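Residue-level structural notes
For reference, the chains in residue letters:
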Amino acid sequence: MTRHYVLAPGYAFRGWKLLPYAVQYLFAPQTEFFTKEQWQLFSACDGQTGIDWDALSDTQKAFYEKWEKGGFIRRCSPDDRLLPWQEYRFYPARFKERVHWSITGRCNYKCRHCFMSAPHGAQGEPSWEQLMTMLDAFERCGVRNLELTGGEPMFRKDFWELVDEIHARGLAICTLYSNGLLITDAFLDKLEERRMCPAIQFSFDGVGHHDWMRGVPGAEKIVLDALERCRDRGFPTSVSMVVCQESIGSLRESVNLMASLGVRSMKVGNALPAGEWLNEPAHFLSQAELYEHFLEYIPHYFEDGKPLTLGLEGFFNYDVGTQELSAFNEKNIPEDKFGKATMCSHVRRGMYVSPKGNVLPCMSMVGGPIEDQFPNMLETPLEDILDKQSAYMDITSFRISDFMEHNPECMTCAYRTFCCGGCRALAVQDHPTDYLSKDLYICAYFKDGWMEKKNALLKSIGQM
């Protein structure tokens, strides 16, 4: 019996340096990699190659059945063909699936806590020519999923020209980040005209506190109206909330309000002494104060029916879709895996590009002295940045074993398999030139007993 398979709509054959066998979904971040042996089977899913089903082993048949069930391939007639953009393309660069791209350092708000000082345009704004240089590089390197941020990305006068250029190149805008002011019905109309439905992440800093945090009267009503508008028109939304001494008491009310507006997920983080608030210590919550508030709130989250997926700054995360409870701080990697496990899984698939063109592991490193130590894609080709020794590739490639060798005292710590060195973005805030330094914030999380306190609380309310 002969079968024919073809790639499902939206999927394409792709390959990169060191990872030559892959299939990628072109409209959202999703890339699956294969061994050479698996690829011999998968690459036959071109609609034309006849597969002798009876000659396959049970293992080979199971692969095809798994791929079909997963939605990667579908059975077809011998007349089906791959679309031109589904055919195999190899990119002469290391793999990156998505880029978190600041297309401007300017903003239309005056946020008190902005770590990149967007109210003063400290990062500037790249010219159209510079944007095109960066976009050319993303296209050459096969980075096809773009998350547009700022500043306020929609604040660019040529925003729609950029959107159309991205669309014309066959790349995808999977997420927009916004304060909400410009997310009007007319704005959503323009997205729909282009058949685009990106996720939109809004900033919301607490019921009754948002105007003060954002420095614009009426900002709270503006963002709530924008969220309601997106809910009613079917645009997926998420929210990021920054808390401080003044706003932490609004956490429960804010979470429930966001859920009522159709927000799917919300992450809550502490304001940092950086950028606009560098010298404003009176507003900051200490780590202990923040965690005490989290412990006070967590039972309410479950009492309120787990209204949305929630992340509390590495301390607590609950995914309402999978019903999984976790904590970013707790990596739980056995010691025998340290040799292969990387320090930061986040940077393996994604990267951040600042308004200046600097390529960084994540946005939280922008604006500080560490930023200037990273390579700039307006000066160095992106494929070289991703392929040669650089500060960016160092952090991408560092293994937990490298951290343990650099900090031998950590090998005797009872929490070493939980901590695994912590977060590099937090570590370099205290040691800007030492990428393998300790994350003191995570040290305190474990050594001050916060994991145990949280687990005891979860057990007491029947959640562990």
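Preceding this section is the structure that the text describes.
For the structure given in this document, a descriptive report is provided here. (Residues numbered from 1 in each chain as written. Predicted model: local features only at pLDDT ≥ 70, side-chain atom pairs only at ≥ 80, totals over all residues. Heavy atoms only, no water.)

Observations regarding the side chain of Ser250
Here Ser250 lies in the loop between strand 13 (237–243) and helix 8 (251–260). When its relative accessible area of 4% is taken as the criterion, Ser250 is described as buried. (Helix = DSSP H or I, 4+ residues; strand = E, 2+ residues; numbered from the N terminus. Buried < 20%, exposed > 50% of the residue type's maximum accessible area, 1.4 Å probe, protein only.)

Comments concerning the environment of Gly368
Structurally, Gly368 can be placed in the loop between strand 19 (359–360) and helix 11 (382–385). Looking at Gly368, the relative accessible area reads 28%, which means it is partly exposed. Sequence separation between Gly368 and Cys413 is 45 residues, and the spatial gap between their C-alpha atoms is 30 Å.

What to know about the pattern of salt bridges
What the rule picks out here adds up to 24 salt bridges. Salt-bridge contacts for Glu139 lead to Arg169; the nearest nitrogen and oxygen are separated by 2.7 Å. Placement of the pair is Glu139 in helix 3 (residues 128–140) and Arg169 in the loop between helix 4 (159–168) and strand 11 (172–178), with a sequence separation of 30 residues. We note a salt bridge from Lys438 to Glu409, for which the minimum N-O separation is 3.0 Å. You can see Lys438 sitting in the loop between helix 15 (424–430) and helix 16 (440–447) and its partner Glu409 sitting in the loop between helix 13 (400–406) and helix 14 (416–419), a full 29 residues away along the chain. You can call Lys438 partly exposed: its relative accessible area is 23%. Salt bridges linked by common partners bring Asp185, Asp189, Glu192, Arg229 and Arg233 together as one network. (Salt bridge = Lys/Arg side-chain N within 4 Å of Asp/Glu carboxyl O.)

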